[in-house]
Amino acid sequence: RAYDKLKGCVFMRSEKEMIDLILDTARKDERIRAVYMNGSRTNPNAPKDLFQDYDIVYVVRETLPFIKDTTWIDRFGERLYMQLPEQTGLLLGYEADLANCYGWLMQFTDGNRIDLHVQSIPYAQQAIRTDRLCKILLDKDGLLPAMPAPTDADFWVKKPDSAHFLAVCNEFWWCLNNVAKGLWREEIPYVQEMLHAVERPQLVQMLAWKIGLEHDFSVSIGKAGKYLRRFLTQADWNAFLSTYASGALAEMWAATVSMCRLFDRTAREVAQKLHYPYDEQEAENSFQYLLHVQRLPKGVSAIDDLQKIEIKNSL
């Protein structure tokens, strides 16, 4: 079985071997007129390791012949499994422009992965201009535009205006009430969704702005903030990690409080450096509401007047 071969795999094809295979395929196939690569392997700031994909585009005269007979992809190696985004989309009722773009995402038994697409010439000529991480590997006919050295500048943290800053703050503090009631009800799946799909993106955005300010808005924190650790102090990184919790209720309450304190501290710093207003009263009221709900006994039918209750914890 393929999985058994993976377990016993010792030799992983090198980057040179993979690129030679990709280019040799293109050179020998008259239908393929150009090849370009993008993604992490062309990003000068991405860490280099064995899990980097090969994001490859073959620019072809026609895409449909490649789609109708897919035996040609077997030459790239023995596959463990793969995904066909356009085909899956069609099965789910979405539209797909098969005449211009189609892809095979392939994981091989030696550990390598190729995300391979075929694109029509007109489509590729437009698509390559929208991604500054593209690097031309082969162009038989001079079809593709000259490309500057790859850069991840398109993904650098962008400086916010005051409206965007305030909107992120308001979204974080307003949606916290959903987390509070979900925790009180012990609705664990709902709370996890609120924390990770609503609250966390606001926190990551605020941390990104802090990092952007410290680096003249010329760095990327990576997809889903995967490079945050590069830029945060150890104390802030530890604080960020403390915002993650298991499904244990007590852990989730503690992680939520940690998230609030880190967000507030970071928002104040960003606001100060950008000379933007920050609604400290909104933040404090929202946080106090969370703490009050945490103290509410089960079975109560009404929430007491918050102003009459002394809560010593604060941001």
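Up top you'll find the structure we're talking about.
Calculation notes
- Per chain, the residues get numbers from 1 upward, laid out in the order the sequence is written.
- Where totals are concerned, whole chains, interfaces and linings use all residues; where local detail is concerned, this predicted model gives features only for residues with pLDDT of at least 70, and gives and counts side-chain atom pairs only at 80 or more.
- Each side-chain value is worked out from all heavy atoms of the structure, with water and hydrogens disregarded.
- A run of DSSP states H or I qualifies as a helix once it reaches four residues; a run of E qualifies as a strand once it reaches two. Both are numbered from the N-terminal end.
- Helix span is expected to be 1.5 Å times the residue number reduced by one.
- Burial status follows relative accessibility: with a 1.4 Å probe on protein chains alone, a residue under 20% of its type maximum counts as buried, one over 50% as exposed, and anything between as partly exposed.
- When DSSP finds at least two bridges between two strands, those strands are taken to pair.
- A fitted line through C-alpha atoms represents every axis, and for helices the fit uses only the stretch in contact; the resulting angles, taken between N-to-C directions, go from 0 to 180 degrees.
- Residue contacts are defined here by distance: any two heavy atoms, one from each residue, within 4.5 Å place the two residues in contact.
- It is the directions from the helix axis to the C-beta atoms whose arc is reported.
- Grouping buried Ala, Val, Leu, Ile, Met, Phe, Trp, Tyr and Cys residues that are joined through side-chain atoms within 4.5 Å yields what is termed a nonpolar core.
- Just so you know how the angles are binned, under 35 degrees is roughly parallel, over 145 roughly antiparallel, 65 to 115 roughly perpendicular, and the rest oblique.
- Under the pairing criterion, centres of Phe, Tyr and Trp rings, with the six-membered ring standing for Trp, must be within 6.5 Å; the plane angle then separates stacked pairs below 30 degrees from edge-to-face pairs above 60, leaving the rest tilted.

Observations concerning helix H10 (residues 249–274)
Turning to step 1, where the next piece is worked out: In this model H10 runs 37 Å from its N-terminal to its C-terminal C-alpha over 26 residues, within 8% of the 38 Å that 1.5 Å per residue would give.
Turning to step 2, where the next piece is worked out: Looking one or two residues past H10, His275 carries a phi angle of roughly 60°, positive in sign.

Description of the pairing of strand S5 (residues 113–120)
Turning to step 1, where the next piece is worked out: Here S5 lies mainly inside the structure; seven of its eight residues are buried.
Turning to step 2, where the next piece is worked out: Strand direction decides the pairing type here: strand S2 (residues 54–60) and S5, joined by seven bridges, are parallel. Looking at the pairing, Asp55 lines up with Asp115 of S5.
Turning to step 3, where the next piece is worked out: One ladder, built from seven bridges, connects strand S4 (residues 101–108) with S5; its direction is antiparallel. Considered in S5, the bridge of Met106 is made with Ile114.

A short note on the sheet that holds strand S1 (residues 32–38)
Turning to step 1, where the next piece is worked out: Sheet architecture is open: six strands sit in the order S3-S4-S5-S2-S1-S6, paired in mixed fashion. If you trace the sheet from one side to the other, it starts and ends with strand S3 (79–83) and strand S6 (135–139), each paired once. Put simply, the sheet's adjacent strands are angled 20° from each other on average, direction ignored.
Turning to step 2, where the next piece is worked out: The strands touched by helix H2 (residues 15–28) within the sheet are S1, S2, S5 and S6, with S2 carrying the most contacts at an inclination of about 10°.

Concerning helix H9 (residues 234–241)
Turning to step 1, where the next piece is worked out: Considered for burial, the residues of H9 that qualify are Asp236, Trp237, Ala239 and Phe240. In an axial view of H9, the angular spread of the buried residues amounts to 160°, which keeps them on one side of the axis. Relative to its buried face, H9 has exposed residues pointing more than 90 degrees away, namely Gln234 and Ala235.
Turning to step 2, where the next piece is worked out: Next to the buried residues of H9 lie helix H7 (188–214), helix H8 (228–231) and H10.

So, unusual backbone geometry
Turning to step 1, where the next piece is worked out: For Asp216, which is not a glycine, the phi torsion comes out positive at approximately 55°.
Turning to step 2, where the next piece is worked out: If you trace the backbone, Asp216 turns up in the loop between H7 and H8.
Turning to step 3, where the next piece is worked out: Its relative accessible area of 65% is what places Asp216 among the exposed residues.
Turning to step 4, where the next piece is worked out: Phi at Phe217 takes a positive value of approximately 50°, unusual for a residue other than glycine.
Turning to step 5, where the next piece is worked out: Here Phe217 lies in the loop between H7 and H8.
Turning to step 6, where the next piece is worked out: Residue classification places Phe217 among the buried positions, given a relative accessible area of 16%.

Here we look at the nonpolar core
Turning to step 1, where the next piece is worked out: Counting 51 residues, the largest nonpolar core has Phe165, Trp173, Met206 and Phe263 as its most contacted members.
Turning to step 2, where the next piece is worked out: Of all elements in the fold, only helix H6 (162–185), H7, H8, H9, H10 and helix H11 (280–295) reach the threshold of two or more residues within this core.
Turning to step 3, where the next piece is worked out: For Phe263, the residues in contact, after removing those within four places along its chain, are Val168, Cys169, Phe172, Trp173, Gln202, Leu203 and Met206.

So, the packing of H6 against H11
Angle between the axes and distance between the axes: these two values describe a pair of packed helices.
Turning to step 1, where the next piece is worked out: Where H6 meets H11, the closest approach of the two axes is 9 Å, and the angle between their N-to-C directions is 5°. One way to sum up the angle between H6 and H11 is to call them roughly parallel. When H6 is examined against H11, the residues Cys169, Asn170, Trp173, Leu176, Asn177, Ala180 and Trp184 are found in contact with a partner set consisting of Glu282, Ala283, Ser286, Phe287, Tyr289, Leu290 and Val293.

Points about the packing of aromatic side chains
Turning to step 1, where the next piece is worked out: Applying the stated criterion to the full structure yields 13 aromatic pairs.
Turning to step 2, where the next piece is worked out: Ring centres 5.1 Å apart and planes at 75° place the aromatic pair Phe66 and Trp72 in the edge-to-face group. Side by side, Phe66 and Trp72 carry an identical accessibility label, which is buried.
Turning to step 3, where the next piece is worked out: Every member of this aromatic cluster is reached through a ring pair, and the members are Tyr58, Phe66, Trp72, Phe76, Tyr102 and Trp104.

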